[in-house]
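Chain residues, written in single-letter form:
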Amino acid sequence: MNNDNTLAAASAAFPIVGIGASAGGLTALEQFLSHVPPQSGLAIVVVQHRDPKSQGMLVELLQRHTPMPVQQAADQMTVEPDHVYVIPPGRDLSLMHGVLHLFEPTEARGLRQPIDFFFKSLADDRQHNSIGVILSGMGSDGTLGLRAIRQAGGASFAQTPASAQFDSMPRSSIDADVVDAVAPADELPAKVIGFVKRIRLVGDIQAQVAAEFQRTAAGFLDKILVLLRTHTGHDFSAYKKNTIMRRVERRMGLHLLPRIDDYLRYVRENPKEIELLLGELLIGVTSFFRDSVVWEEIKREVFPALQGNHPDGALLRAWIPGCSTGEEAYSLAMLFRESMDAGGTAHRYKLLVFASDLDADAISRARAGVYPESIAADVSPERLKRFFVPEAAGYRVSSEIREMVIFAEQNVIADPPFTRIDFLSCRNLLIYLEAGLQEKLLQLFHYSLVPGGFLLLGNSESVAPASALFSGLPGRSRIYRRLDVPTPALPSGMPSAFSQTGLRSSAPVPHAANAAAMTPDLQVLVEQLVLANYAPAALLVSAKGEMLYFSGKTGKYLEPAAGKPNLNLIAMAREGLRQALSEAFYRAVRESKVTTLKRVRIDNTRPAKYVDVVVQPLNEPAALNGTALIVFREVDGPSTRRPRMATATNAGEAQRIAAALQELQHAREDARSTREEMQTSQEELKSANEELQSTNEELQSTNEELTTSKEEMQSMNEELQTINNELRLKVAEVSRASNDMRNLLDSTEIAILFLDDSLHVRRFTPSTTRIFKLIPGDAGRSITDIVCDLSYPSLLADAQEVLRTLVFREIDVQATDARWFKVRLMPYRTHDNRIDGLVITFADISTSKTLEMALRQAQANLQVLTAGQESSHGVP
């Protein structure tokens, strides 16, 4: 254990910077590394999307821009400061205790998220010493990784999209609000180093901050809470004080403010700081299908139990308070749909998910249902294909799932709760609240759940404060079932239950003076009394079934439907009456004749009641044209008493037989009508299904082709970017070499003439123009066409001989103006040892020739003088 602690401490001694890049990222990487000081104390790990089959020259290219050692990462390699590590092609990279680990990718190439994979391990291993940087690239890889780094207390940076060759990756991170700072690639190192220096000072400053808290924490926190409530309208007084202290300490440390008074002054002078502090308190830790074991238990234990509570099918209701950006709500809807489809009961059960959160921005993103491509790391390919629609920004949740979820901005502490809930998930919210508020919320959840409903809590939470209200399910997950016991009275300050309201008449009440002055109309009064007490219930509806007017007491036959207000006749009809009324209404409207239903039983009444229903389409008066009048007339049902008299027995038996025959006739008509409608619907559905299957197959094929083409184009683009950079570097090297050679030749003042293998002028130095009458436009002309000052008629023959024998030739030649030159003819050899012309140099030897001639003249004079002396002395 001691060794592990030592290793962990050693691994946290210096920050590690993870850099994610993709297409066009090489230039940004070079700009970043060229501005990192060699003794910065940072270890840098580069994770780039690379072709698995390409080895490339990334290490060599990056080494040219930094004095720090650059090497390709290897398995079990220990990370050291002031070193740069590059992910090898076709591998995933992870970090544990400061040691790099390589893995074979498990996902298909187009679904891999190597940057997210490394960033998450970096956040787990380095915590506040983890730093993530996103540079130019395509897709959204790295967004989830930056979120993990920020949640661990580290820092996240992104390249300015305008300065990136491909802005998809930086823009995805910025849009997801997981970036601390944005700057061009060459300015990011200064910001990263500034953050590193800041976190090295945070420890000392937080010690001072902690001392300040010990003395004045209570009053200070009250002031902070007042400012939060004033600017945001939210009361955080019931949050755990330690939680608030840690968040405030972090903000004070980041701003290098050791005194509480300084921070209070800073907050009042900078209202934006309140929003940032609110963001620190609203911790949004969520992802699709987080904690897979929990979802398996929900699918195995919760869904079957809910179906058992409603054997005939029902609308199940779920509530997820603190839903953040909606991943958990959509995960529940997807899991329910999969469970229903697997059991073949999807047509009898529906799920409505209420998802609420205090953060308005998070709710807006959840409603949009658009998530980055990096969710592929949490969502299986099958679910991506079934429940998501690919878009330019990533993936959008399909309309089928989005229609199952309703998002609302809600303060669960102060706003009224959702009720009649079958399943309630509240994970990782209670741990941030005081014990008293935890108990109150658990009581509120008990009130919201139906008897037998389920409550899901986080791994660090329990129902201990309200253990008498819930019982735990076996298993590792914190899933509890609501006990059928009375809910304790909600304390003051908590959201109250919905008050029961009734329908009130909207008719105006006449003023007393006006009423006294009114003359009673006996006919109207009598008609009103008869309609109110003796006339059957009736209602006027449109041709589409929308109710326009009620007459009499229709509550026995109609009831409001669950959900949004709906005045549709069929939706509001009670059980037993709904199907028969639907068929009669549409038949009457379609055939434009009165339709009557006899002795229709209303199932949900005890004792059973029977009603005759008349549906009459109206054409007159003109104001009612296109409407229908529906009249409900209550009738006696078949008698079940055993009469004493034989005649009564026969009459009762006949009445029951008549009722049974009537019901049988209704059933036959219903069955015939249903059968006809089903046959028509089946034919239409079959045709539509075939068309949809054909379209779906075409779309799938097109999508696969586009995905493959996109991957190939992205890989090709990355390779072209690398090749382009390599060529750019080589061109720069060639340009430097050319400049060096030009300066060398100019400094020597040697005349050099370059000829091709046809003895045409290719290039010449400026000194050559003093021998040959050359101008820049003479390039490409034959040397025989150029006038020269040399007395060298055999120049052409010597040049051809050198080309033939490949043996250099050197000769002294005099010019017409008495100058002398040493002419040297040599073959022009390329790097691959190929002869590609001649190189002729002309070295000016006039001075040496003059000296030589003077020396010879002096020698001749000396010989003459010596000969004269010898003859004068008689020497023979």
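All of the points below concern the structure found in this document. Here the structure is a predicted model, which means the values were calculated and not measured. (Residues numbered from 1 in each chain as written. Predicted model: local features only at pLDDT ≥ 70, side-chain atom pairs only at ≥ 80, totals over all residues. Heavy atoms only, no water.)

**Observations regarding the nonpolar core**
- Counting 47 residues, the largest nonpolar core has F220, L228, F236, Y263, F445 and L455 as its most contacted members.
- If you list the elements that add at least two residues to this core, you get α7 (188–232), α8 (241–254), α9 (260–269), α10 (271–281), β12 (349–357), β17 (421–426), α16 (435–448) and β18 (449–457).
- Looking at which element gives the most residues to this core, the answer is α7, with six residues.
- If you look at the next biggest cluster of nonpolar residues, it comprises 44 residues, including F288, V294, V302 and F388. (Core = buried A, V, L, I, M, F, W, Y, C linked by side-chain atoms within 4.5 Å. Buried < 20%, exposed > 50% of the residue type's maximum accessible area, 1.4 Å probe, protein only. Helix = DSSP H or I, 4+ residues; strand = E, 2+ residues; numbered from the N terminus.)

**Considerations on α16**
- With 14 residues, α16 should cover 20 Å at 1.5 Å per step; its first-to-last C-alpha distance of 20 Å lies within 8% of that length.
- For α16, the set of buried residues is L437, Q438, L441, L442, Q443, L444, F445, H446 and S448.
- For α16, the elements touching its buried residues are β11 (314–321), β17, β18, β19 (470–472) and β20 (479–482). (Expected span 1.5 Å × (residues − 1). Contact = heavy atoms within 4.5 Å.)

**Quick word on the sheet that holds strand β6 (residues 92–96)**
- Taken in spatial order, the three strands of this open sheet run β4-β7-β6, and their pairing is antiparallel. At either margin of the open sheet sits one strand with a lone partner, and together these are β4 (77–78) and β6.
- Across five bridges, β6 lies against strand β7 (residues 99–103) in antiparallel orientation. Among the inter-strand pairings, L93 is bridged to a residue of β7, identified as L102. (Pairing = 2+ DSSP bridges.)

**A closer look at unusual backbone geometry**
- A positive phi is found at D82, a non-glycine position, where the angle reads about 60 degrees.
- Positionally, D82 belongs in the loop between β4 and β5 (83–86).
- With relative accessibility at 16%, the residue D82 sits in the buried group.
- The phi dihedral of S592 is positive, around 55 degrees, even though this residue is not glycine.
- Looking at the element boundaries, S592 is found in the loop between α20 (578–591) and β23 (595–602).

**So, the packing of α9 against α10**
- In contact at an axis separation of 4 Å, α9 and α10 are set at 105 degrees when each is read in the N-to-C sense. For the element pair α9 / α10, the angle class is roughly perpendicular. Where α9 abuts α10, its residues Y263, Y266, V267 and E269 lie against P271, E273, I274 and L277.
- Tallied by class, the residues present in the contact of α9 with α10 amount to six nonpolar, no polar and two charged. (Axes fitted to C-alpha atoms, helices over the stretch in contact; angles between N-to-C directions. Parallel < 35°, antiparallel > 145°, perpendicular 65-115°, else oblique. Nonpolar A, V, L, I, M, F, W, Y, C, P; charged D, E, K, R; others polar.)

**Structural notes on α10**
- Residues E273, I274, L277, L278, E280 and L281 constitute the buried set of α10. Burial along α10 is one-sided: seen end-on, the buried residues are contained in an arc of 155 degrees. (Arc of directions from axis to C-beta.)

**With respect to the sheet that holds strand β10 (residues 181–183)**
- Taken together, the seven strands give an open sheet; going across it, the order is β3-β5-β2-β1-β8-β9-β10, and neighbouring strands pair in parallel fashion. If you trace the sheet from one side to the other, it starts and ends with β3 (70–72) and β10, each paired once. Neighbour-to-neighbour, the strand axes of this sheet turn through a mean angle of 20 degrees, independent of strand direction.
- Note that strand β1 (residues 16–21) and strand β2 (residues 43–48) share six bridges and pair parallel. Bridging across to β2, I16 finds its partner in A43.
- Against the sheet, helix α4 (residues 114–126) touches β1, β2 and β8 (130–134), its axis set at about 170 degrees to β1.

**Topic: the pattern of salt bridges**
- In this structure the tally under the stated criterion is 28 salt bridges.
- E634 serves as the salt-bridge partner of K556, at 3.2 Å between the closest nitrogen and oxygen. Note that K556 is positioned in the loop between β22 (547–551) and α19 (569–572) and E634 in strand β25 (residues 627–635), a separation of 78 residues in sequence.
- On the basis of relative accessible area, E634 is assigned to the partly exposed category, the value being 40%. (Salt bridge = Lys/Arg side-chain N within 4 Å of Asp/Glu carboxyl O.)

**Considerations on the packing of aromatic side chains**
- Across all of its chains, the model carries 16 aromatic pairs by this definition.
- Ring geometry for F288 and F388: centres 5.6 Å apart, planes at 85 degrees, overall edge-to-face. Remark: F388 occurs in strand β14 (residues 388–391) and F288 occurs in the loop between α10 and α11 (292–309); sequence separation between them is 100 residues. As far as the burial class goes, F288 and F388 line up, both buried.
- Here the aromatic rings of W319 and F445 are separated by 6.0 Å at their centres, their planes lie at 90 degrees, and the arrangement is edge-to-face. Residue W319 is located in strand β11, and its partner F445 is located in helix α16; the two are separated by 126 residues in the primary sequence. (Phe/Tyr/Trp six-rings, centres within 6.5 Å; stacked < 30°, edge-to-face > 60°.)

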